[in-house]
Amino acid sequence: MNLLPDYSLLELASVREGDSVGNTLANSVAYAQHAENLGFKRFWLAEHHNMEGISSSATSVLIGHIAGKTHSIRVGSGGVMLPNHPPLVIAEQFGTLESLYPGRIDLGLGRAPGTDQITARALRRDGLGAEQFPEDVAQLQSLLGPLRPGQAVKAIPGAGTKVPIWLLGSSLYSAQLAAMRGLPYAFAGHFAPRLYREALKLYQDNFQPSEQLQKPYSMLAVPAVPAASTGEAKYLATTSYQRILALFRGQPLWMKEPVKSMDGLWNPAEQATVKDFLGLQLLGDAAAIRAQINELLASVDVDELMFTVDIYDPAKRRHALDILNETRGTDAP
């Protein structure tokens, strides 16, 4: 019997239909502050581009804003999509953040563009893509490490800060790389649930100790809709269903109000696709979610769970964290 893992949050700064980015980011601050008060460990922001309805594209800027409005919770990227950026720029940005908020900044790295191919080409330097990812990770590790004699290119700030680097993934590739490099690993089960067992086991079985990490440390991201009752949770979950449906249809991703029924909004094939996307979704009241977490942890060993909570009403979204918090302190199989 093991204690439940630590709890953390992933944020996309989702914009409610008709709302402003300014209000959205103010709600994100209040959400992070509430998580901090409840003892959540991390608050990460995801990098996405050219997506109407998601306002976390300037990820490092938002990390600094959230860190400046909180006191103890770790704030980081979940993740920075490294093919979009020169490693030196990221080292300087996160070295600056670490200098401003010592011991509170995480650098999660992904190898996808976080957008469509046209926008990826607009972002990408010299046509480099995911194939450059291992070399870019190594360069970042070097830039954030101690200065070396004769080092020509230096991240100032950045050098010597040793900002913790995480690798993020939704397949087996980053699990292998994280294990080989001795880095912590986070699996994106909130949108790619199929390979989470295989990826986490591959990472843990093949982990090589490093200067940053002596033993494997893993996190699993999952979607959650906590509510006062299972009936209310099912109603609130229709916000997520509408957004994912819009994603598959290539439509704007505004966060929409929940509806009493999805009938007429999707066809059976779309319903199956959306439910598959949310295969690891936790839904219900505290007792139901606690049982679902225990069932999940019976099949996988992780150090942290990172929740995405896609609820339309900001107050209900903050209250959902209270309900999640009620599930802590229990034993998992």
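Residues numbered from 1 in each chain as written. Predicted model: local features only at pLDDT ≥ 70, side-chain atom pairs only at ≥ 80, totals over all residues. Heavy atoms only, no water.

Asker: Please clarify how the overall build of the protein should be interpreted in this entry.
Answerer: For the protein, the helix and strand inventory stands at 12 helices and 11 strands. Relative to the 2.2 N^0.38 estimate, which gives 20 Å for 333 residues, the radius of gyration of the protein is 19 Å and therefore close to what a compact globule would have. Counting only C-alpha atoms and orienting by the principal axes, one finds that the protein spans roughly 65 × 45 × 40 Å. The burial tally for the protein puts 53% of its 333 residues in the buried class. When contacts within the protein are restricted to residue pairs at least 6 apart in sequence, those whose partners lie at least 24 apart make up 74%. A total accessible area of about 14300 Å² is found for the protein, and carbon and sulfur atoms account for 53% of it. (Helix = DSSP H or I, 4+ residues; strand = E, 2+ residues; numbered from the N terminus. Rg over C-alpha atoms; globule rule 2.2 N^0.38 Å. Buried < 20%, exposed > 50% of the residue type's maximum accessible area, 1.4 Å probe, protein only. Contact = heavy atoms within 4.5 Å. Areas by Shrake-Rupley, 256 points an atom, 1.4 Å probe, with all protein chains shown as cover.)

Asker: How do you make sense of helix 11 (residues 286–297) when you look at a structure like this?
Answerer: Within an α-helix, residues lying three or four positions from one another point in the same direction, as the helix has 3.6 residues per turn. Its 12 residues place the ends of helix 11 16 Å apart at the C-alpha level, agreeing with the 16 Å of an ideal helix rising 1.5 Å per residue. Within the span of helix 11, buried status applies to Ala 286, Ala 288, Ile 289, Ile 293, Asn 294, Leu 296 and Leu 297. (Expected span 1.5 Å × (residues − 1).)

Asker: Can you walk me through the environment of Ile 311 in this structure?
Answerer: By secondary structure assignment, the location of Ile 311 is in the loop between strand 10 (304–308) and helix 12 (314–326). The exposure class assigned to Ile 311 is buried, which follows from its relative accessible area of 1%. Sequence-wise, Ile 311 and Lys 256 are 55 residues apart; in three dimensions their C-alpha atoms are separated by 9.2 Å. In contact with Ile 311, not counting residues within four places along its chain, are Val 225, Pro 226, Leu 236, Met 255, Lys 316, Arg 317 and Ala 320.

Asker: Looking at this structure, I do not really get the side chain of Asp 310. What am I missing?
Answerer: The topology assignment puts Asp 310 in the loop between strand 10 and helix 12. Judged by relative accessible area, Asp 310 falls into the buried class, the value being 16%. There is a polar contact of 3.3 Å between the side chain of Asp 310 and the side chain of Ser 240. Of note is the side chain of Asp 310, whose polar atom sits 3.2 Å from the side chain of Arg 243. Apart from the residues lying within four places of it in its own chain, the contact partners of Asp 310 are Ser 14, Ala 224, Leu 236, Thr 239, Ser 240, Arg 243 and Met 255. (Polar contact = N/O pair within 3.5 Å; in protein donor to acceptor, adjacent residues only side chain to side chain.)

Asker: How do you make sense of the pattern of salt bridges when you look at a structure like this?
Answerer: When their charged atoms lie close together, side chains carrying opposite charge are able to pair. Counting across every chain of the model gives 14 salt bridges. Across the salt bridge formed by Lys 256 and Glu 17, the nearest N and O atoms sit 3.1 Å from each other. In this pair, Lys 256 sits in the loop between helix 9 (238–249) and helix 10 (268–277) while Glu 17 sits in the loop between strand 2 (6–11) and helix 1 (21–38), placing the two residues 239 residues apart along the sequence. Using a relative accessible area of 26% as the deciding quantity, one classes Lys 256 as partly exposed. Residue classification places Glu 17 among the partly exposed residues on the basis of a relative accessible area of 42%. The salt bridge partner of Lys 162 is Glu 211, with a shortest N-O separation of 3.3 Å. Placement of Lys 162 in the loop between helix 5 (133–144) and strand 6 (165–169) and of Glu 211 in the loop between helix 7 (196–206) and strand 8 (218–226) is noted, with a sequence separation of 49 residues between them. By relative accessible area, Lys 162 is classed as partly exposed at 48%. Glu 211 gets classed as exposed once you look at its relative accessible area, which sits at 70%. (Salt bridge = Lys/Arg side-chain N within 4 Å of Asp/Glu carboxyl O.)

Asker: What exactly am I supposed to notice about the pairing of strand 3 (residues 42–45) here?
Answerer: When a strand is regular, its side chains alternate between the sheet's two faces. Alternating positions in strand 3 separate into two faces, Arg 42 and Trp 44 on one and Phe 43 and Leu 45 on the other, with burial throughout. Looking at chain direction, strand 2 and strand 3 are connected through three bridges and run parallel. Bridge pairing links Leu 10 to Trp 44 in strand 3. At this point the chain moves from strand 2, through helix 1, to the parallel strand 3, and the crossover so formed is right-handed. Where strand 3 lies against strand 4 (residues 74–81), four bridges are found, and the strand directions are parallel. Note that in strand 4 the partner of Trp 44 across the bridge is Gly 76. Considered for its hand, the β-α-β crossover made up of strand 3, helix 2 (residues 59–68) and strand 4 is right-handed. (Pairing = 2+ DSSP bridges. Right-handed = clockwise from strand over helix to strand, strands pointing away.)

Note that all results are geometric; they support no functional claim without further evidence.
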